[in-house]
There are 2 protein chains.
Amino acid sequence: MTTSTINHQVRLASRPVGLPTADNWELTEEPVPAPADGQLVVKVTDISLDPAMRGWMNAGKSYIPPVEIGAVMRAGAVGTVVASANPAFAVGDSVYGSFGVQEYAVTSGRGVEKIDTSVVPAATYLAALGMPGMTAYFGLLDVGRLKDGDTVLVSGAAGAVGSIVGQIAKIKGCRVIGIAGGAEKCAWLTDELGFDVAIDYKGQDVKAALRDAAPDGVDVYFDNVGGEILDIALTRLARGARIVICGAVSQYNVTEPVKGPSNYLALLVARASMTGMVVFDYADRYPEAIAQMAGWLAEGRLISREDIVEGTVADFPDVLLRLFSGANTGKLVLALR
Amino acid sequence: MTTSTINHQVRLASRPVGLPTADNWELTEEPVPAPADGQLVVKVTDISLDPAMRGWMNAGKSYIPPVEIGAVMRAGAVGTVVASANPAFAVGDSVYGSFGVQEYAVTSGRGVEKIDTSVVPAATYLAALGMPGMTAYFGLLDVGRLKDGDTVLVSGAAGAVGSIVGQIAKIKGCRVIGIAGGAEKCAWLTDELGFDVAIDYKGQDVKAALRDAAPDGVDVYFDNVGGEILDIALTRLARGARIVICGAVSQYNVTEPVKGPSNYLALLVARASMTGMVVFDYADRYPEAIAQMAGWLAEGRLISREDIVEGTVADFPDVLLRLFSGANTGKLVLALR
């Protein structure tokens, strides 16, 4: 890095209505400054793309403040320290942080974690060992209160979170049913990840398939999608079922009001609960989960699949849309090359 | 009672679409038999009318089997034993049971409880000391996990369950906001029952009133109504809030699909839960709750209000509709005179 190194960035230009379009983004560039005292500069190598990003683009109160208009788009990312005036970090360190959609991040180091890329690739820290893995782990085990013998249903099952949810449930000895879009994803779930059943919502009658797959009902439903599939899941709850509300990717880009679950009174019939979660609440327990998940990865019991798109930050707006068209399998990552 | 005593009954003639109409009922009469060995005959004095009855009239799986076409309408009731061939019951005993909408019930005694009418009137065993009271007690304390200092919101607050929910929350030292229809009901909640705030959904902007009443959000929302009010409550959840789904009286007679809560993703933002309950699950703990509630009644800390309509079983179809028009305050009872 020299003082003339240019940082290319993607900033939020306007708030989308429905699916984000090119108008919502602005590509900017600025020189990378030398780090001030206590700061470090990270060269970003891999950017995480998450369905939650769509929510961050909206104004209004949520579990995290919105990205301001004109700000660099928020994103988790991994990279390498290229300059440091912070004694806790040395040039060459591999790090994870909320570096944003840009080539270089200047940071105080707060919230930045060193990562060990000798065992797993850096991108895995955006997947099984990152937010999706943490979300799956705490969502299933804590919020979902997984028990021996449970039948577990997960939607968005071929996505970053869902694929880990199903695998953890299998490791814990449960019966696992995944819902995903397309025969290829479904084959991956059953053949590679060991799911008991995969239901293709694009090609199958989900309600009928779920009735066949879970004749005694579902004990834990991990919901990543909302909409129609949540309503179907509600019709198949076992007594005392737990629904984990992790997200609702089917609803993030709708322009009409969100479709609430018409069948929510099934919660009463089944004495079931529906609970929302935000992974950040578990930050102090991430080390426990990372240690556990790294062990499973090393033993080959857990597969972390990253769907890596190589490109530049300018590709971010298009790559993001893959999350909403269902084009990705596993964790979608933009690798800067 | 003589062998020629006639039992007038209300039977379900057909399943309603929307609000029940006269067509859905059949009035029948038959002689009251002498009790067979082990049986007793109860002369019914007070019949409980509950919003849940509307659900029992529908076909299909629920938390309890539907009332069959041609069967006497299911109802909790109190009465007096008038003949007994069961050593556990004597003529003159006051009893509670699921006696149905009829003047006389012949029963094996299973599920029949003797009640003490020397302290409170028999109808109170259909209210604070009956299912509504049990629902309020376990719904608020167990399902809602009430904590010191909680802000509690209850809808249907002037109804049989809601009025008890709010009073228990006050006894436990909480701030209590009730939603009810009409100025008179609201005045009763604040002036007689000690609610901190009552919101009149017929005359006020509920959303604005709730924002004023609960600036820091609601910790427990006890939902008896569903629909629009549930959606508004979802916008005002405190972190970690618990929603108790007890019923959805606004939705029981709709002919379009039930309105699911559009704002359910607020559960995620607030890390909140929504849990369904059925009071029967707590049957083995009713004695604990009854003892507690009877104590509060005796101390004057809890008011059980019964809205008693005097009439005959033939009045049942019309009186039932008061629950859905919001005409009753407190527990609606049909007293047979």
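All values derive from a computational prediction rather than experimental measurement.

Undergrad: Mind showing me how you'd approach the overall build of chain A here?
TA: In terms of helices and strands, chain A carries nine helices and 15 strands. The C-alpha atoms of chain A give a radius of gyration of 20 Å, which matches the 20 Å a tight globule of 337 residues would have. On the principal axes, the C-alpha backbone points of chain A span a range of 65 × 45 × 35 Å. For chain A, the residues scored as buried account for 51% of the 337 residues in total. Pairs at least 24 apart in sequence give 66% of the contacts found in chain A among residues at least 6 apart.

Undergrad: Hey, could you run me through the domain arrangement of chain A in this one?
TA: How big an interface is tends to be expressed through the accessible area that disappears when the partners come together. Residue and element names in this part refer to chain A. What the domain assignment reports for chain A is domain 1 (6-124 + 305-336) and domain 2 (131-280). Relative to domain 2, the C-alpha centre of domain 1 lies at a distance of 28 Å. Listed by partner, the interface residues are 15 residues for domain 1 and 14 residues for domain 2. It is helix α1 (residues 52-56) that provides the largest number of residues to the side of domain 1 that touches domain 2, a total of three residues. Taken together, the residues of the side of domain 1 that touches domain 2 break down into six nonpolar, six polar and three charged.

Undergrad: Before we go on, may I ask you to explain the relation of the copies chain A and chain B in this structure?
TA: Superposing the two chain copies requires a rotation about an axis and a translation along that axis. Superposition of chain A onto chain B requires a rotation of 180° combined with a translation of 0.0 Å along the rotation axis, giving an RMSD of 0.0 Å. Here the two chains are linked by the operation of a two-fold rotation axis. Across chain A, the rotation axis passes nearest the C-alpha of G260 of chain A, at a separation of 2.1 Å. Comparing interface residues between copies, 100% of those in chain A also sit at the interface in chain B, which points to an isologous, same-surface contact.

Undergrad: Explanation requested: the nonpolar core in the structure shown.
TA: Considering soluble globular proteins, one finds that nonpolar side chains tend to be buried as a cluster. Formed by 225 residues in total, the largest nonpolar core has its most connected members in L267 of chain A together with L267 of chain B. Once residues within four sequence positions are removed from consideration, L267 of chain A is found in contact with A272, S273 and M274 of chain A together with I245, M274, T275 and G276 of chain B.

Undergrad: I'm lost on helix α4 (residues 183-192) of chain B in this one. Help?
TA: Residues spaced three or four apart along an α-helix point in a common direction, a consequence of the helix completing one turn every 3.6 residues. Residues and elements named next belong to chain B. Of the positions making up α4, those classed as buried are K185, C186, W188 and L189. All buried residues of α4 project into a common sector of 155° when viewed along the axis, lining one side. The outward face of α4, more than 90 degrees from its buried face, is lined by the exposed residues E184, D191 and E192. Where α4 is buried, its residues contact α3 (160-171), β9 (175-180) and β10 (197-200). The first or second residue beyond α4 is G194, which carries a positive phi of 80°.

Undergrad: How should the interface of chain A and chain B be read in this particular structure?
TA: Taken together, the contact pairs 25 residues of chain A with 25 residues of chain B. Elements with a minimum of two residues in the side of chain A that touches chain B: α7 (266-270) and β13 (273-276) of chain A. Tallied by class, the residues present in the side of chain A that touches chain B amount to 16 nonpolar, six polar and three charged.

Undergrad: What exactly am I supposed to notice about unusual backbone geometry here?
TA: Generally, phi is negative for residues other than glycine and the peptide bonds are trans, each holding for most cases. Its identity as a non-glycine residue notwithstanding, R145 of chain A has a phi of 45°, on the positive side. Of note, R271 of chain A is a non-glycine position whose phi angle comes to about 50°, a positive value.

Undergrad: Sorry, what's going on with the sheet that holds strand β10 (residues 197-200) of chain A here?
TA: Two orientations exist for strands paired in a sheet by backbone hydrogen bonds: parallel and antiparallel. With respect to topology, twelve strands assemble into an open sheet ordered β10(A)-β9(A)-β8(A)-β11(A)-β12(A)-β13(A)-β13(B)-β12(B)-β11(B)-β8(B)-β9(B)-β10(B), the strand pairing being mixed. Where the open sheet ends on each side, the last strands, each with one partner, are β10 of chain A together with β10 of chain B. Between one strand axis and the next, the sheet turns by 15° as a mean value, whatever way the strands run. Along the sheet, helix α2 (residues 131-143) of chain B contacts β11 (218-223), β12 (237-245) and β13 (273-276) of chain B; its crossing angle with β11 of chain B, the most-contacted strand, is approximately 150°. Packing of helix α5 (residues 206-213) of chain B onto the sheet brings it into contact with β9 and β10 of chain B, and relative to β10 of chain B it is tilted by some 170°.

Undergrad: How should the pairing of strand β5 (residues 94-97) of chain B be read in this particular structure?
TA: Working note: regular strand, side chains alternate between the two faces of the sheet. Two elements, strand β4 (residues 77-84) of chain B and β5 of chain B, share four bridges in a ladder whose sense is antiparallel. For G79 of chain B, the partnering residue across the bridge sits in β5 of chain B and is V95 of chain B.

Undergrad: Would you explain the packing of helix α2 (residues 131-143) of chain A against helix α8 (residues 286-298) of chain A in this entry?
TA: How two helices pack is summed up by the angle between their axes together with the distance between the axes. Residues and elements named next belong to chain A. For the pair α2 and α8, interaxial distance at closest approach is 10 Å and the crossing angle is 100°. Looking at the two axes, α2 sits roughly perpendicular to α8. Across the interface between the two elements, G133, M134, Y137 and F138 of α2 pack against Y286, A289 and M293 of α8. Among the residues forming the contact of α2 with α8, the class breakdown is six nonpolar, one polar and no charged.

Undergrad: Help me out: how do you make sense of helix α3 (residues 160-171) of chain A in this one?
TA: Residue and element names in this part refer to chain A. Along its twelve residues, α3 runs 17 Å from first to last C-alpha, staying within 8% of the 16 Å computed at 1.5 Å per residue. For α3, a buried count of ten out of twelve residues is recorded, marking the element as mostly surrounded by other parts of the structure. If you check which residues of α3 are buried, you get A160, V161, G162, S163, I164, V165, G166, Q167, I168 and A169. The inward-facing, buried residues of α3 contact α2, β8 (151-155), β9 (175-180), α4 (183-192), β11 (218-223) and β15 (331-336).

Undergrad: What is the right way to read the environment of K185 of chain A from this model?
TA: Residues and elements named next belong to chain A. Its location among the elements puts K185 in helix α4. Measuring from C-alpha to C-alpha, the distance between K185 and S84 comes to 43 Å, with 101 residues separating the pair along the chain. Excluding residues within four positions of it along the chain, K185 makes contact with A158, A180 and T329.

Procedures and definitions
Residues numbered from 1 in each chain as written. Chains lettered and ligands numbered in written order. Predicted model: local features only at pLDDT ≥ 70, side-chain atom pairs only at ≥ 80, totals over all residues. Helix = DSSP H or I, 4+ residues; strand = E, 2+ residues; numbered from the N terminus. Rg over C-alpha atoms; globule rule 2.2 N^0.38 Å. Buried ≥ 20, exposed ≤ 12 C-beta atoms within 10 Å, placed from the backbone. Contact = placed C-beta atoms within 7 Å. Domains from an automatic or database assignment. Nonpolar A, V, L, I, M, F, W, Y, C, P; charged D, E, K, R; others polar. Least-squares fit on C-alpha atoms with pLDDT ≥ 70 in both. Core = buried A, V, L, I, M, F, W, Y, C linked by C-beta atoms within 7 Å. Arc of directions from axis to C-beta. Pairing = 2+ DSSP bridges. Axes fitted to C-alpha atoms, helices over the stretch in contact; angles between N-to-C directions. Parallel < 35°, antiparallel > 145°, perpendicular 65-115°, else oblique. Expected span 1.5 Å × (residues − 1).

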